[in-house]
Amino acid sequence: MKLRLKSLFTRLSGLMVLLLLGGQIFGQQATVKIIDSKSKEPVPYASVTIEGLKSSAKKQYVSDMKGAVPNELKEMAKITISFVGYETLVDTIQPGITKTLF
């Protein structure tokens, strides 16, 4: 009986580790990172609009302290980034990928 409980406990512990790690590995979300082209520093608080090219679904964000916003759309999208003192940048992005824009 002790051996069975120990074996069950070991298996459950291993499963818990896989679930915790899996959430971090597979749960990573695609992002768009906005970086200043000269200083190579992130641009926090930039205004970002991501609009699906087919569905016209639109999401608006403000970049975080790392200059990042999520890329949540499931289709090709137009991205517009603006920030005081910078030219407005318009580009296209693919769904589900992480991309850095300068």
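Cut-offs used in this document
- Residues numbered from 1 in each chain as written.
- Predicted model: local features only at pLDDT ≥ 70, side-chain atom pairs only at ≥ 80, totals over all residues.
- Heavy atoms only, no water.
- Salt bridge = Lys/Arg side-chain N within 4 Å of Asp/Glu carboxyl O.
- Helix = DSSP H or I, 4+ residues; strand = E, 2+ residues; numbered from the N terminus.
- Buried < 20%, exposed > 50% of the residue type's maximum accessible area, 1.4 Å probe, protein only.
- Contact = heavy atoms within 4.5 Å.
- Pairing = 2+ DSSP bridges.
- Axes fitted to C-alpha atoms, helices over the stretch in contact; angles between N-to-C directions.

Undergrad: So, the pattern of salt bridges: which residues are in play, and what are the values?
TA: Opposite charge on two side chains allows them to pair when their charged atoms are near. Scanning all chains against the criterion turns up two salt bridges. Glutamate 72 serves as the salt-bridge partner of lysine 59, at 3.6 Å between the closest nitrogen and oxygen. In this pair, lysine 59 is assigned in strand E3 (residues 58–62) and glutamate 72 in the loop between strand E4 (68–70) and strand E5 (77–82), connecting sequence segments 13 residues apart. Since its relative accessible area comes to 37%, lysine 59 is described here as partly exposed. A salt bridge links lysine 99 to aspartate 91; its shortest N-O distance comes to 3.5 Å.

Undergrad: Could you give an account of the environment of valine 69, naming the residues involved and the relevant values?
TA: Turning to its location among the elements, valine 69 is positioned in strand E4. Residue classification places valine 69 among the buried residues on the basis of a relative accessible area of 2%. When the C-alpha positions of valine 69 and threonine 31 are compared, they lie 5.5 Å apart, and in sequence the two are 38 residues distant. Filtering out sequence-adjacent residues up to four positions away, valine 69 remains in contact with Ala30, Thr31, Val32, Val48, Ile50, Tyr61, Val62 and Ser63.

Undergrad: Can you lay out the sheet that holds strand E7 (residues 99–101) for me, pointing to particular residues and giving the numbers?
TA: Here three strands make up an open sheet; going across it, the order is E4-E1-E7 and the pairing mixed. Looking at strand neighbours, the two that pair on one side only are E4 and E7, the edges of this open sheet. With strand direction ignored, the average angle separating the axes of adjacent strands in the sheet is 20°. Pairing geometry for strand E1 (residues 31–34) and E7, over three bridges, is parallel. Opposite lysine 33, over in E7, you have threonine 100 as the bridge partner.

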